[in-house]
Amino acid sequence: MNRVLISIKGVVQGVGFRPFVYNLAKSLNLKGTVTNTADSVAIDIEGDDITSFIDRLPREAPPLSEIRNIDVSPMPFCGYEDFEILKSSDSGSFTLISPDVSVCDDCIKEMTDKDNRCYLYPFINCVNCGPRYTITKAVPYDRQNTTMSVFEMCDECKSEYNNPADRRFHAQPNACPECGPHLELKIQNSKFKIYEKENPIESAINILKQGGIVAIKGLGGFHIACDAANKDAVERLRERKRKSNKPFALMAPDAETIRKYCGMRLEEEELLTSNKRPIVLLRKKTIKDNLAPLPESISPNNLHIGFMLPYTPLHYLLFYYPAFQSQSLTPNPQSPNFDALIMTSGNLSEEPIVVSNNEAEAKFPDIVDAFLTHNRDIFMRVDDSVVRNHFIGHRTKPLFIRRSRGYAPEPILLDDDGPEVLGCGADLKNTFTLTKGSYAIPSQHIGDMENYETVKFFEESLENLKKVYRVNPVAVGYDLHLNYLSTKWALAQQSETKNPSLVTRHSSLSFYGIQHHYAHIASVMAENGIKRKVIGVAFDGTGYGTDGNLWGSEFLIAGIDGFKRAGHFKYIPLPGGETAIREPWRVAVSYIKYITGADAAHYLESIAFVKKYGSEKINAILRIIDNRDFSPLSSSAGRLFDAVSAMLGICDINTFEGEAAMALESYTISGIEEDYPADIGLKDRIEIDFCLALFRLIQDMAKGVGKDIIATKFHNTIVTIITGVVQRLGMVHKLHDVVLSGGVFQNMYLLENTVDRLKSIGMNIYTNEKVPANDAGISLGQAYIVRERMKQLSRTGKT
């Protein structure tokens with residue numbers, strides 16, 4: 001071949017791909033050009049050794065790149081005299097944007113080298129690391145389309161940028177102390193004014209060491225930080241910011257430090273040290289194994305702590321400055337400034353993470369003692385990702401709790417092209433998903449859709465991803481719950497289809513209401529390209545059902561065309577509705593009344609509920625249980641876990657979503673195979689009744705059986721029920737593919753034992769791996785169902 005035109009699609013912009021192509025072509029004495037287009041990297045190349053060039057492209061591509069497709073077309077010989085990088089062109093299509101990634105080892109070495117011009121510079125980066133998605137305003141990914149456009153490169157930075165042999169060749173965020181962003185420290189608390197004249201990093205370190213709380217502007221937003229070993233500082237931060245038991249995330253200088261406090265397997269360390277640097281949930285060491293435990297208030301009543309490692313130059317400086325000043329290469333791992341820093345999201349309760357300096361100063365004056373800010377704008381706010389490993393047999397899989405920084409906006413590859421649609425998601429932990437071509441593009445973590453600020457974040461993120469990926473949705477999927485703000489937003493677009501936030505070239509949109517648990521199952525179908533019917537098991541806290549009740553323990557026969565509800569837990573009233581979700585002891589009262597009827601007061605007294613909550617309050621709950629205006633019916637698995645947690649005296653108040661169920665899981669132990677009996681109903685109507693199971697559980701309590709044994713037997717009961725129902729449905733419907741989804745399946749004991757049991761009866765098991773099993777995966781399921789149905793309509797010529 002003398003000359004070819006090569007089009008490469010995938011994550012190939014902002015990752016050093018053009019410099020890589022340039023240097024590879026020069027090494028083979030090939031001539032031609034390479035350029036970024038809006039949808040690919042285009043290579044026009046000629047010479048004698050093109051075959052070697054094409055062969056080496058995927059094998060030697062830059063580490064951050066991800067090639068999805070290479071298309072090669074023969075061209076007539078042109079006679080190029082050299083090989084060069086052309087300016088980017090915009091064809092009107094789209095390419096994939098790289099997520100933000102951790103600072104690389106090469107940049108850390110330069111930052112710690114006294115002779116380097118970027119010594120101690122907190123914004124050092126290169127083509128292999130640093131900000132990407134958070135600074136990208138538009139494609140093609142060039143400096144003028146990022147928030148770095150306001151910083152004009154100095155001569156030395158320009159020289160690096162234009163030198164094909166340099167690691168910063170066409171690195172768009174390239175900068176140095178002379179021409180790039182800089183830090184600023186503002187002290188809020190007069191107690192720390194003595195540090196005002198110091199270097200901003202040194203000042204921040206001293207304030208943190210003295211027990212202060214500092215708002216730190218990072219890659220995708222602000223963190224609020226304090227010394228994790230300082231019990232008073234931790235408790236003060238919890239009082240000022242959180243006012244709940246929700247765990248704080250920690251950052252440690254290295255993996256060895258984390259091992260002081262948590263057990264860590266090799267697979268978990270690999271996750272921690274990857275260039276995505278998520279928060280990884282790790283099991284706490286017991287007090288006897290941990291000579292200097294961290295304050296319990298970091299993660300109260302929880303067996304796990306979420307740890308992450310530094311991922312920006314600034315983070316490394318906070319841990320090791322001024323140790324860098326006395327060493328030329330790397331900091332002394334024995335002398336960090338802190339063992340761990342709390343690095344919790346910089347936001348007010350249930351609001352999006354803060355990204356601007358002015359917003360932080362307006363919202364955090366009563367929380368923090370100082371602000372460590374910088375002047376590089378964050379265009380897209382992105383929270384830290386949270387991941388937990390689960391172990392099945394000899395296999396290990398990371399499961400997302402929150403998919404955001406380091407992963408968003410990576411797309412999920414679908415099996416073929418399809419229409420452009422939008423899935424709006426649900427309510428808690430929300431995301432949205434767009435589809436384009438053969439990709440589904442889930443957004444970063446948006447959060448709980450409970451206020452105006454989060455809806456605005458939803459809209460600004462949607463606008464950005466639509467612009468970057470050139471998406472013009474022709475259809476919208478939304479949840480059936482009319483009180484969800486995501487649903488209200490979708491229906492508002494339906495009534496105002498001229499709204500520019502959605503409609504550009506299309507004069508109308510199609511709207512699809514997708515049932516909540518069906519969308520959970522569809523999210524796993526999307527990840528695996530499944531279009532055939534499956535047995536879906538969707539367990540979560542709440543989802544609006546087609547009968548007007550609250551669902552949450554659903555056995556579905558599901559496919560693209562729709563679903564059949566094949567089974568569920570027996571409905572139980574939730575006394576006080578939303579209040580019962582926050583106060584699980586109310587749900588426990590409801591279950592006990594169902595189990596014992598007129599004897600409920602006696603049994604409630606036997607488990608000390610009357611003593612704890614008072615007879616007046618208990619009697620009030622018993623009176624409203626049968627009033628549907630105050631006690632809606634629910635089949636929720638999550639509420640059952642809450643009720644058992646409250647019965648056992650483990651957790652009776654949810655100060656954050658899922659707290660009681662998480663606390664119950666923490667009591668499970670290995671080596672127990674017993675369970676409680678439960679009735680799974682008739683052959684043609686599966687309605688699982690826990691009356692006998694809970695009665696036996698209460699008897700175990702009366703006998704003084706340990707909470708750990710009871711909690712484990714309860715979990716085993718759920719596993720047995722799932723296995724029995726699935727086996728029955730498989731025989732009736734002749735199905736062997738089982739999908740597990742919903743937030744309850746973030747319970748590792750339940751998930752791992754359920755998967756093992758289902759495999760033992762010959763079932764093929766599919767779970768969420770690319771998006772969370774919680775409601776953050778709902779939008780992917782909505783988008784997938786809408787997209788596939790529209791493809792079916794298109795094939796039949798219907799509208």
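Up top is the structure.
Just so it is clear, the structure is predicted and the values come from calculations on it, not from any experiment.

Caption draft 1: The arrangement of the packing of aromatic side chains in detail. With the rule as written, the count across this model stands at 17 aromatic pairs. Consider the rings of Phe 17 and Phe 20, whose centres lie 5.6 Å apart with planes at 75 degrees: the pair is edge-to-face. A residue pair is termed a helical-turn pair when its members lie 3 or 4 positions apart in one helix, as Phe 17 and Phe 20 do in helix α1 (residues 17-27) at three residues. One exposure class covers both Phe 17 and Phe 20, and it is buried. Between the aromatic rings of Phe 539 and Phe 745, the centroid separation amounts to 5.6 Å while the plane-to-plane angle is 25 degrees, which identifies the pairing as stacked.

Caption draft 2: Focus on the sheet that holds strand β17 (residues 421-423). One open sheet accounts for six strands, arranged β16-β19-β18-β17-β20-β21; its pairing is mixed. The open sheet has two free edges, formed respectively by β16 (412-413) and β21 (510-514), since each of these has just one partner strand. In the sheet, strand β20 (residues 475-479) pairs with β21 via five bridges, with the strands oriented parallel. Paired with Ala 475 across the two strands is Ser 510, which belongs to β21. Seen against the sheet, helix α11 (residues 452-469) touches β17, β18 (433-436) and β19 (439-442) and runs at an angle of roughly 10 degrees to β18.

Caption draft 3: Just the sheet that holds strand β2 (residues 31-36), in detail. Taken in spatial order, the five strands of this open sheet run β4-β1-β3-β2-β5, and their pairing is mixed. Looking at which strands have only one partner, the edges of the open sheet turn out to be β4 (66-74) and β5 (83-85). The average undirected angle you get between the axes of adjacent strands in this sheet is 15 degrees. The pairing of strand β1 (residues 3-11) with β4 spans eight bridges and is antiparallel. Considered in β4, the bridge of Val 4 is made with Pro 74. Against the sheet, α1 contacts β1, β2, β3 (41-46), β4 and β5, and its axis sits at roughly 175 degrees relative to β5. On the sheet, helix α2 (residues 50-59) packs against β1, β3 and β4 and is oriented at approximately 5 degrees with respect to β1.

Caption draft 4: Fine view of the nonpolar core. The biggest cluster of nonpolar side chains holds 72 residues, and the ones touching the most others in it are Phe 539, Phe 609 and Ile 718. The biggest single contributor to this core is helix α22 (residues 707-733), with 10 residues. Counting 55 residues, the second largest nonpolar core, distinct from the first, contains Phe 151, Leu 183, Met 308 and Leu 314.

Caption draft 5: The arrangement of the pattern of salt bridges in detail. Applying the stated rule across the entire model yields 46 salt bridges. Between Glu 256 and Arg 259 there is a salt bridge, and its shortest N-O distance comes to 2.7 Å. Note that Glu 256 and Arg 259 are positioned in helix α7 (residues 255-259) at a spacing of three residues, about one turn of the helix. Judged by relative accessible area, which is 52%, Glu 256 ranks as exposed. Several salt bridges converge on common partners, so that one network encompasses Glu 110, Arg 117, Glu 156, Glu 160, Arg 167 and Arg 168.

Caption draft 6: Molecular detail of the environment of Asp 55. As for its placement among the helices and strands, Asp 55 is situated in helix α2. Overall, the relative accessible area of 43% leaves Asp 55 in the partly exposed class. Separated by 2.8 Å, the side chains of Asp 55 and Arg 59 make a polar contact.

Caption draft 7: Summary view of unusual backbone geometry. For the bond running from Tyr 321 to Pro 322, omega is 5 degrees, close enough to zero to count as cis. Along the chain, the position of Pro 322 falls in the loop between α9 (313-320) and β12 (341-345). Ala 408 connects to Pro 409 through a cis peptide bond whose omega is 5 degrees. Structurally, Pro 409 can be placed in the loop between β15 (395-402) and β16. Positive phi outside glycine occurs at Lys 429, with the angle close to 50 degrees. Mapping Lys 429 onto the fold places it in the loop between β17 and β18.

Caption draft 8: View of the pairing of β3. Taken across its six residues, β3 has six buried, putting it largely inside the fold. Burial of the side chains of β3 extends over both faces: Val 41, Ile 43 and Ile 45 are buried on one face and Ala 42, Asp 44 and Glu 46 on the other. Here β1 runs beside β3; their pairing, made up of six bridges, is antiparallel. Bridge pairing in β3 places Arg 3 opposite Glu 46. Remark: four residues form the turn of the hairpin made by β2 and β3, two consecutive strands paired antiparallel.

What counts and what doesn't
Starting from 1, residues in each chain are numbered consecutively following that chain's sequence as written. Two thresholds apply to this predicted model, a pLDDT of at least 70 for residue-level local features and 80 or more for giving and counting side-chain atom pairs, whereas whole-chain, interface and lining totals are computed over all residues. Hydrogen atoms and water are omitted, and side-chain values are computed over all heavy atoms in the structure. Two rings belonging to Phe, Tyr or Trp (six-membered ring only in the last case) form a pair when the distance between their centres is within 6.5 Å. Interplanar angles under 30 degrees mark stacking, angles over 60 mark edge-to-face geometry, and anything in between is tilted. Secondary structure elements follow DSSP: runs of H or I no shorter than four residues count as helices, runs of E no shorter than two count as strands, and numbering proceeds from the N terminus. Residue burial is assigned from relative accessible area. The probe radius is 1.4 Å, only protein chains are included, and a residue is buried under 20% of its type maximum, exposed over 50%, and partly exposed in between. Pairing between two strands is assigned when DSSP locates at least 2 bridges connecting them. Residues count as neighbours in contact if any of their non-hydrogen atoms are within 4.5 Å of one another. Axis definition: a line fitted to C-alpha atoms, over the contacting stretch in the case of helices. Angles run 0 to 180 degrees between N-to-C directions. The definition of a nonpolar core used throughout is a set of buried Ala, Val, Leu, Ile, Met, Phe, Trp, Tyr and Cys residues joined through side-chain atoms within 4.5 Å. A side-chain nitrogen of Lys or Arg and a carboxyl oxygen of Asp or Glu constitute a salt bridge if their distance falls within 4 Å. Any pair of nitrogen or oxygen atoms within 3.5 Å is treated as a polar contact; in protein, a donor-acceptor pairing is required on top of that, and neighbouring residues in sequence qualify only through side-chain atoms on both sides.

In short, geometric facts, not functional conclusions.
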